[in-house]
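The residues making up each chain are set out below.
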Amino acid sequence: MIRKSIQSRRARETRLKIYGITSICFALIMLATLLISIGLNGYSALQQAYFKLDISVNTEKFVDDSGAPDNNKMNLFNWDGLVQSALREFFPEVKDRDEKKELFAIISANAGYDLKEIIKKKALGSGSHTLSVWLHLSDDADQYLKGRLSIDIPEEDRRINNKQIAWVNSLVERDIAKLKFNKTFFTSADSREPESAGILGSVIGSALTLFVTIMFALPLAVMAAIYLEYFAKPGKITDFIEVNVNNLAAVPSIVFGLLGLSVFLSTFGLPRSAPLVGGLVLGLMTLPTIIIASRASIRSIPPSIREAALGLGASKMQAALHHVLPLATPGILTGTIIGMAQALGETAPLLMIGMVAFIIDIPTTFTSSATAMPVQIYMWSDSAERAFYERSSLAILFLVAFLISMNLLAVVLRKKFEKKW
Amino acid sequence: MTLPLSFVFFVLLGLSVYFYYHAKSGIVRKAALLSDRTKALPSHYGQQSFLWAFIPSFLILLVLTIGGPNYIDQIFYNKIQELNPTFNESFVSLILAKVINVSNGKISTGEENIIMLAKDYKIAFEQLHFYRGLVVILCAALLGMIISYRQKPGSNAREEVEKFIVNIFFASAVIAIFTTVAIILSLFFEALRFFNLYNFFDFIFGLHWAPNVAIRTDQVAAEGSFGMIPVLLGTLLISFIAMCVAIPIGLFSAIYLAEFATPKIRDFVKPTLEILAGIPTVVYGYFAALTAAPFFREIGFSLGLDVSSESAIAAGAVMGIMIIPFISSLSDDVIRAVPQSLRDGSMGLGATKAETIYIVILPAAIPGLIGAVLLAVSRAIGETMIVVMAAGLSANLTVNPLESVTTVTVQIVSLLTGDTEFDDIKTLSAFGLGLALFFFTLLLNIFALSISRRLAERYD
């Protein structure tokens, strides 16, 4: 009988173990599914369908009377027409107006603009030039070439019709169109056309925002932590501060967005969509995280260090700033990195203060309109076009890779400077 | 002459640094004249001069930079209203916005009056910048000179500097209080304006949420109704689904990690779960909307069920996955905080490990575990991006997880990201929801923190 009860008691233990292992495996499988599904969605955005055009331009058209290059003339020139006529040379059979329209739909709507930018950059000498340039195909042609648009569904439900598919295929056969590395994705800001959209604008926006966040939150958090650890007299005010810090760490991030909207935007009149405001809001949000981490780090320094300094005649301030703070720095840094990673991935408060606008320019100052990486991901995945999903996934991969390396850096720092006193 | 902000700031900084060295060498000279010793190090006198010159002037700079433009706007607002007494408020603000844009050169106009005002506006701004620079620099110079002049070798500069710095430290600690107060006040006052337009009890107990108010007065549209019960119910439904996923998985993972896992497994699993915790919520939202929602729809379809494409279950399940690491790491800490002596005692009496866990450790850890779960619930309620991307917009009064529901955060985002006027009832209703959200999560947090603290005290 005893043996039987032992058996059932052991079985209970095994069951508990199995529950634990299953749960952990479930969590890990979910992590893997998440990353793999996003990776499978996104890897193809590393490539983009380009086509090659041989174009002849006469730069004398773009100079003013004195011979200096004239941007205005360049902007007025019919670049789209130049691209379209060059494309038509490949398909002389296309005559009909509607057919022409369909043909031009397989190349990017921005092709003319891109060509102008390329020519501008090349700064050709005066005279007539013939050069071959690679321009974007449209996002539908691009998705078709990547096999992302299934051609089994009826023609009228597809974004690309049979004629267009035939043209694209013939371009590929003639080696005029092919998939190349998608440089645009890393060098441009947002665009209405998926093929010209990139993440650089939002990366810079995020960088400007985080700069404001760290300049605002880190000094304040360290000073507050030192105060709470060494100078605060036990009492109601100190207790109240502590309760507030702990609560703020758990307030939903969107509430900080509402705070930013009603205080920074409508009371202080700071500009909408600006990295300055975004940084301040995220700074307020990460402040408690850094304060808590800094306090823990300061507390882990043995009191003997401080007491030795005090015993040798240092003042309380000198003991804190000259002796404890340098030793606590690695811990504070770790906490800061984790707080910054949290701020970098945060989206909701930025939506509240208008950083969700469609912005084509790369931001340059703290008050210019900008967007941030997670917001860009949100906007792209909200859009109807398949090619934007792909870009959204790739942007996620970059963001997550960056965040994981930030967190790893924090772990490595902690391991490296971890001291047993 | 214009003095840009960065220029003023660097002049201020330079001046303050100058006073640092000025005071530092000055005090040595004074001491030598009196053939006396300084009571503090010379650098302390320098620090004192630096702080006295820099901090007050910097605060003045901050106030003028933030408050100045608002003040000018107010003056011009009044001016426009005086010139045209018949205009109503919103029209005056519109003209003011036009004047500002013209003065910045963003738009051009042919209207004489506006061009005149824009010119005045530009001049007013230039004057503001000029006087801001003048006041700040003069203030710094004056204060720096006064303090450097008054320093005597016999005064203890170190003590005064340290007192000053402690006050600055105190001020930065108090920012936490200010932030909370600012959140409460701003939410409260905007919500109060909403309740002036809409009955408070209709908001709290109303069963119908449809914020489609006519944007223009001549537009024909249904009267908007703002009853928050369906929105609240949707929030609770999605949070409940999330908890059904997260609590068992998080707790069992934590028990395994704390009690059974070898150090090697622990060292691998813990950081991996931390990665799960470090993934931004927008990524989970993307996953929920584009992978999980179609997945649940397919499953429902094959079972003959009609699953909405924005079903509560997809958003809830993905939110649960997001919260797993949160619960597991908090519970792991709680379980490991249970003293080893309890374990040893139980094992010594012949209990198996499972029995020790069920009968001894979990009861001892229960307050902390409840605290962890409550914090997780508060996080689920306040979570925004997953539901914005994967849950619906229409407020259905239902508890069916296969249907589409909306949440408080979704409504806040959708009400505030459009191009609405700030005084609009729709915008204000978002603050009403925000206030409800804040108080709900605040109560949960306070409760959770006090419960966890009780555990910590029990075994101290």
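For every chain, the first residue of the written sequence is number 1, and numbering continues from 1 onward in sequence order. Starting at A for chains and at 1 for ligands, labels are handed out in the order in which the entities are written. Local features in this predicted model are restricted to residues of pLDDT 70 or higher, and side-chain atom pairs are both shown and tallied only at a pLDDT of 80 or more, whereas totals for entire chains, interfaces and linings draw on every residue.

## What about the overall build of chain B?
Next up, step 1: Tallying secondary structure elements over chain B gives 15 helices and two strands in all.
Next up, step 2: Values of the radius of gyration come from C-alpha atoms, whereas the globule rule sets the reference at 2.2 Å times the count of residues to the power 0.38. For 460 residues, the compact-globule estimate of 2.2 N^0.38 gives 23 Å, and chain B exceeds it by more than 25% at 31 Å.
Next up, step 3: Taken along the three principal axes of its C-alpha coordinates, chain B extends 85 × 75 × 35 Å.
Next up, step 4: Three exposure classes are used. Buried residues have 20 or more other C-beta atoms within 10 Å of their own C-beta, exposed residues have 12 or fewer, and partly exposed residues fall in between, all C-beta atoms being placed from the backbone. Within the span of chain B, comprising 460 residues, buried residues form 43% of the whole.
Next up, step 5: Residue pairs qualify as contacts under a 7 Å threshold applied to their C-beta atoms, which are placed from the backbone. By sequence separation, contacts in chain B at least 24 residues apart represent 72% of the contacts at least 6 residues apart. By definition, any uninterrupted DSSP run of H or I lasting at least four residues is a helix, any uninterrupted run of E lasting at least two residues is a strand, and each is numbered from the N terminus.

## Observations regarding the overall build of chain A
Next up, step 1: A tally of helices and strands in chain A yields 17 helices and three strands.
Next up, step 2: Its C-alpha radius of gyration of 30 Å places chain A more than 25% over the 22 Å reference for a compact globule of 421 residues.
Next up, step 3: Here chain A, with 421 residues, has 42% of them falling under the buried criterion.
Next up, step 4: For chain A, the proportion of contacts with a sequence separation of at least 24, taken over those separated by at least 6, is 76%.

## Here we look at the domain arrangement of chain A
Next up, step 1: In terms of domain boundaries, chain A breaks down into domain 1 (48–182) and domain 2 (200–417).
Next up, step 2: In this entry, domain limits derive from an automatic or database-based domain assignment. Placing a centre on the C-alpha atoms of domain 1 of chain A and another on those of domain 2 of chain A gives a separation of 45 Å.

## A short note on unusual backbone geometry
All names here are of chain A.
Next up, step 1: Within the chain, D175 stands out as a residue other than glycine whose phi angle is a positive 65 degrees.
Next up, step 2: In this fold, D175 is placed in the loop between helix 7 (162–173) and strand 3 (177–181).
Next up, step 3: Judged by C-beta crowding, with 8 C-beta atoms within 10 Å, D175 ranks as exposed.
Next up, step 4: Positive phi outside glycine occurs at S273, with the angle close to 60 degrees.
Next up, step 5: Locating S273 in the fold gives a position in the loop between helix 11 (253–265) and helix 12 (275–299).

## As for the domain arrangement of chain B
Next up, step 1: By domain assignment, chain B separates into domain 1 (5–155) and domain 2 (225–458).
Next up, step 2: Each of domain 1 of chain B and domain 2 of chain B has a C-alpha centre, and the two are 48 Å apart.

## Let's talk about the packing of helix 11 of chain A against helix 5 (residues 157–197) of chain B
Next up, step 1: A fitted line through C-alpha atoms represents every axis, and for helices the fit uses only the stretch in contact; the resulting angles, taken between N-to-C directions, go from 0 to 180 degrees. Packing of helix 11 of chain A against helix 5 of chain B brings their axes to within 9 Å, and their N-to-C directions diverge by 70 degrees. Taken as axis vectors, helix 11 of chain A and helix 5 of chain B run roughly perpendicular relative to one another. Residues V255(A), L258(A), L259(A), S262(A) and V263(A) of helix 11 of chain A form the contact with helix 5 of chain B, whose participating residues are A182(B), I183(B), S186(B), L187(B) and E190(B).
Next up, step 2: In this count, Pro and Cys sit with the nonpolar residues alongside Ala, Val, Leu, Ile, Met, Phe, Trp and Tyr, while Asp, Glu, Lys and Arg are called charged and the others, Gly among them, polar. A per-class count over the contact of helix 11 of chain A with helix 5 of chain B returns seven nonpolar, two polar and one charged. Here the angle decides the label: under 35 degrees means roughly parallel, over 145 means roughly antiparallel, 65 to 115 means roughly perpendicular, and every other value means oblique.

## Some words on helix 2 (residues 42–83) of chain B
Turn by turn, an α-helix covers 3.6 residues, leaving residues three or four places apart pointing in a common direction.
Next up, step 1: One fewer than the residue count of a helix, multiplied by 1.5 Å, yields its expected span. With 42 residues, helix 2 of chain B ought to run about 62 Å at 1.5 Å a step, and its terminal C-alpha atoms sit 61 Å apart, in line with that.
Next up, step 2: Fitting axes to the seven residues ending at a residue and to the seven starting there, one defines the bend at that residue as the angle between these axes. Largest kink in helix 2 of chain B: about 35 degrees, centred on G67(B), with the proline P69(B) one to four residues after it.

## Comments concerning the nonpolar core
Next up, step 1: Under the definition applied here, buried Ala, Val, Leu, Ile, Met, Phe, Trp, Tyr and Cys residues are grouped into a nonpolar core through C-beta atoms within 7 Å. A224(A), A288(B), A315(B), V318(B), I386(B) and A390(B) are the most contacted members of the largest nonpolar core, which totals 183 residues.
Next up, step 2: Of all the elements, helix 7 (residues 229–260) of chain B adds the most residues to this core, at 18 residues.
Next up, step 3: Excluding residues within four positions of it along the chain, A224(A) makes contact with I291(A), F169(B), S172(B), A173(B) and A176(B).

## Overview of the packing of helix 11 of chain A against helix 12 of chain A
Residues and elements named next belong to chain A.
Next up, step 1: It is the contact of helix 11 with helix 12, at a shortest axis distance of 9 Å, that shows an interaxial angle of 135 degrees. It follows from the interaxial angle that helix 11 and helix 12 lie oblique. With respect to the hand of their crossing, helix 11 and helix 12 are arranged in right-handed fashion. Between helix 11 and helix 12, the residues in contact are S253, F256, G257, G260, F264 and L265 and V277, L280, V281, L284 and M285, respectively.
Next up, step 2: For the contact of helix 11 with helix 12, the per-class residue count stands at eight nonpolar, three polar and no charged. When the near helix sits turned anticlockwise from the far one by under a right angle, the crossing is termed left-handed; a clockwise turn instead gives a right-handed crossing.

## Examining the interface of chain A and chain B
Next up, step 1: On the side of chain B, 75 residues touch chain A, which itself brings 71 residues to the contact.
Next up, step 2: The biggest single contributor to the side of chain A that touches chain B is helix 1 (residues 2–42) of chain A, with 19 residues.

## A short note on the environment of L62(B)
All names here are of chain B.
Next up, step 1: Relative to the helices and strands, L62 is located in helix 2.
Next up, step 2: Taking the C-beta count within 10 Å as the criterion, L62 has 11 such neighbours and is therefore assigned exposed.
Next up, step 3: C-alpha separation for the pair L62 and V136, spaced 74 residues apart in sequence, amounts to 9.9 Å.

## Some thoughts on the environment of S239(B)
All names here are of chain B.
Next up, step 1: Looking at the secondary structure, you find S239 in helix 7.
Next up, step 2: Placed 143 residues apart in sequence, S239 and G382 show a C-alpha to C-alpha distance of 9.5 Å.
Next up, step 3: When neighbours within four sequence positions are excluded, S239 is seen to be in contact with V377, A380 and I381.

## What to know about the sheet that holds strand 3 of chain A
Where strands meet in a sheet, backbone hydrogen bonds hold them as pairs that are either parallel or antiparallel.
All names here are of chain A.
Next up, step 1: Note on pairing: DSSP must find at least two bridges between two strands before they are called paired. The strand order 2-1-3 describes an open sheet built from three strands, whose pairing is antiparallel. On the outer flanks of this sheet lie strand 2 (128–136) and strand 3, each paired with one strand and no other. Each strand axis lies, on average, 40 degrees off the axis of its neighbour in the sheet, ignoring direction.
Next up, step 2: With nine bridges connecting them, strand 1 (residues 47–58) and strand 2 associate as antiparallel partners. Opposite I55, over in strand 2, you have L131 as the bridge partner.
Next up, step 3: Relative to strand 1, helix 3 (residues 79–88) is tilted by about 100 degrees, and along the sheet it contacts strand 1 and strand 2.
Next up, step 4: Contacts from helix 5 (residues 111–122) reach strand 1 and strand 2, with the element oriented near 130 degrees to strand 2.

## Here's the deal with helix 5 of chain B
Next up, step 1: Taking 1.5 Å per residue as the helical rise, helix 5 of chain B with its 41 residues ought to reach 60 Å, and the 58 Å between its terminal C-alpha atoms agrees with that figure.
Next up, step 2: Along its length, helix 5 of chain B reaches its greatest deviation from straightness, about 30 degrees, at A176(B).

## A short note on the confidence of the model for chain B
Residues and elements named next belong to chain B.
Next up, step 1: Across chain B, the average pLDDT comes to 85, with 94% of residues at or above 70.
Next up, step 2: For every residue, the predictor assigns a confidence score, pLDDT, that lies between 0 and 100. Per-residue pLDDT, averaged within each element of chain B, yields its smallest value for helix 3 (residues 89–104) (78) and its largest for helix 7 (93).
Next up, step 3: On the interface metric, ipTM, the complex scores 0.90, and its pTM is 0.88.

## Digging into the environment of L344(A)
All names here are of chain A.
Next up, step 1: Topologically, L344 is positioned in helix 14 (residues 316–345).
Next up, step 2: With 315 residues separating them along the chain, L344 and I29 place their C-alpha atoms 25 Å apart.
Next up, step 3: For L344, the contacting residues outside a window of four places in its chain are S206, L210 and L403.

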